[in-house]
Amino acid sequence: MAIDRSLPMDRVLAARVANLYRMAVHAARSWLAAHGAALATGVGLWGGMTALLVVVQFGTPALVGVDGYYHLRMAELIRAEDWLPEFRWQPLTILSPAAYYDHHFLYHLILAPFAWGDPAAGGAARLALGGKIASVLIASLAFLAVWVGLRRHVRWAAIWTLGLFALSEAFLYRMSMPRAQSASLLLLVIAFFLLVERRAVWLAPLGFAYVWLYDAFPLLLLVAASSLASDLILQRRMDARPILYAGLGIGLGLLVNPYFPRNLAFILQHLVPKLGQPGIPVGNEWYPYDTWALLTNSGPAFAAIGVGIFSLGKREARLDRATLMALLLAAVFGALFLRARRFAEYSPPFSLVFLALAASPWLGGWADRRPELRRRLSL
């Protein structure tokens, strides 16, 4: 609508504001018309998954695992003292005050708003409650990211996403810990689907954030490598941009760091024993489950890989890049899970993503040939 310039300035401004308001309302209505159903599905799915995670989380009044007490205490210190609090409790270790590096720094910043009590002042129960709420929230966002990524590529993405609750008890256990692995999974899922969409440049800020979040940041290079390998296999061309962007972000995260340069020394001292240096004992999570325990707590996650491979033979379309990327990651994370139980947070979800991408095309065709089933699934 044109505005009469002869009107007083205050009426001209009011007319402009009214026009902007109408444009905003029209844009919002158009967006809701186009995306309202997806938004409703996402909100409902997120609420349902959050409720299921609450059931798991509050099955015990204590925190899941023991490391969460450390993380919550560090988050509480950030609130009470400084964003770089002094760590003074292990002066004769690599965590001495002069050498300390908070390799979960960004996670502790995220956790700080939930660190509601000082355990030394009788606030342990409130601190644990905050940790439980934070754990549920971050894990639910990681699960939601799987749905957001899948819905652009498969049918019944919400149903596939709910499968995350059926794959592995060990996975749900580790997702319920007040530790950085759920946030780590969130970043890896985002990175995977960004690479599926060929938006490799976003791996630079993700790599930077990952270094500050958690010292599992080399896993981002693994996701980037799955893109490079898929292009080599399917298209006989090398696109090194995912590796370059991820490496750039990781490098900047290491150098532009509040703990630089002690973070570099700590990473070597902390990670080398994890790589299998003989004679140095490491935490229990770095050892494998025995075979029977692995089958009983995570058998469906490994079965998902097998069913996904079977599905590749049933579909008419040739193997696509996204499915091959997921297959490579499911295989690598599965092998790592066989070696160390701590990879329970990565192997099951990427196995499910692979299964969804591999099986959805032929399951969709099978459903389309059955009108009654198609009608029910479309509800």
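As the structure is a prediction and not an experimental result, all values here were calculated from the model. (Residues numbered from 1 in each chain as written. Predicted model: local features only at pLDDT ≥ 70, side-chain atom pairs only at ≥ 80, totals over all residues. Heavy atoms only, no water.)

What exactly am I supposed to notice about the nonpolar core here?
Nonpolar side chains tend toward joint burial in soluble globular proteins. Within the largest apolar cluster, 101 residues are counted, with the highest numbers of intra-cluster contacts made by Phe143, Leu150, Leu188, Phe192, Tyr210 and Tyr346. It is helix H4 (residues 124-150) that provides the largest number of residues to this core, a total of 13 residues. Non-local contacts of Tyr346, meaning those with residues more than four positions away in its chain, are made with Gln181, Ser184, Leu185, Leu188, Tyr210, Tyr214, Ala216, Leu219 and Phe333. (Core = buried A, V, L, I, M, F, W, Y, C linked by side-chain atoms within 4.5 Å. Buried < 20%, exposed > 50% of the residue type's maximum accessible area, 1.4 Å probe, protein only. Helix = DSSP H or I, 4+ residues; strand = E, 2+ residues; numbered from the N terminus. Contact = heavy atoms within 4.5 Å.)

For this particular structure, what's the right way to read the packing of helix H8 (residues 203-213) against helix H9 (residues 218-235)?
Any two packed helices are characterised by how steeply their axes cross, that is the angle between the axes, and by the distance between the axes. Running from N to C, H8 and H9 point in directions that differ by 155 degrees, and their axes come no closer than 9 Å. What the angle tells us is that H8 and H9 run roughly antiparallel. Only Leu219, Leu220 and Ala224 of H9 make contact with H8, whose side of the interface consists of Leu203, Leu206, Gly207 and Tyr210. Its residues placed into classes, the contact of H8 with H9 shows six nonpolar, one polar and no charged. (Axes fitted to C-alpha atoms, helices over the stretch in contact; angles between N-to-C directions. Parallel < 35°, antiparallel > 145°, perpendicular 65-115°, else oblique. Nonpolar A, V, L, I, M, F, W, Y, C, P; charged D, E, K, R; others polar.)

Teacher, can you tell me more about a nonpolar patch on the surface here?
The grouping of Leu248, Leu252, Leu255, Val256, Phe260 and Leu264 at the surface amounts to a nonpolar patch, some 510 Å² of accessible area in total. When you line up the elements, Val256 lands in the loop between helix H10 (241-255) and helix H11 (262-271). (Patch = residues over 30% accessible without salt bridge, like charges linked within 9 Å, V, L, I, M, F, W, Y side chains within 5 Å. Areas by Shrake-Rupley, 256 points an atom, 1.4 Å probe, with all protein chains shown as cover. Salt bridge = Lys/Arg side-chain N within 4 Å of Asp/Glu carboxyl O.)

I keep staring at the pattern of salt bridges and nothing clicks. Help me out?
Pairing between side chains of opposite charge can happen when the charged atoms of each approach one another. With the rule as written, the count across this model stands at twelve salt bridges. Residue Arg73 pairs with Glu76 through a salt bridge whose shortest N-O separation is 2.4 Å. Of the two residues, Arg73 and Glu76 both sit in helix H2 (residues 67-80), three residues apart, roughly one turn of that helix. The partly exposed category is assigned to Arg73, whose relative accessible area is 25%. Note on Glu76: relative accessible area 10%, which makes it buried. Three or more residues are tied together by salt bridges with common partners; here these are Asp67, Arg174, Arg179, Glu285, Arg342 and Glu345.

Please explain the packing of aromatic side chains as it appears in this structure.
The description of two aromatic rings rests on the distance between their centres and on the angle between their planes. With the rule as written, the count across this model stands at 20 aromatic pairs. Taken together, a centroid distance of 5.2 Å and an interplanar angle of 75 degrees make the contact between Phe143 and Phe165 edge-to-face. In this pair, Phe143 is assigned in helix H4 and Phe165 in the loop between helix H5 (157-162) and helix H6 (169-175), connecting sequence segments 22 residues apart. Judged by its relative accessible area of 18%, Phe165 falls in the buried class. Ring pairing ties together the aromatic residues Tyr70, Trp83, Phe87, Trp89, Tyr100, Tyr101, Phe105, Phe208, Trp212, Tyr259 and Phe266, which thus form one cluster. Over the ring of Phe58 we find Lys132; its NZ or CZ atom is 5.2 Å from the centre of that ring. Its guanidinium or amino end placed over the ring of Phe343, Arg342 lies 5.8 Å from that ring's centre, counting from NZ or CZ. (Phe/Tyr/Trp six-rings, centres within 6.5 Å; stacked < 30°, edge-to-face > 60°. Lys NZ or Arg CZ within 6 Å of the ring centre and 35° of its normal.)

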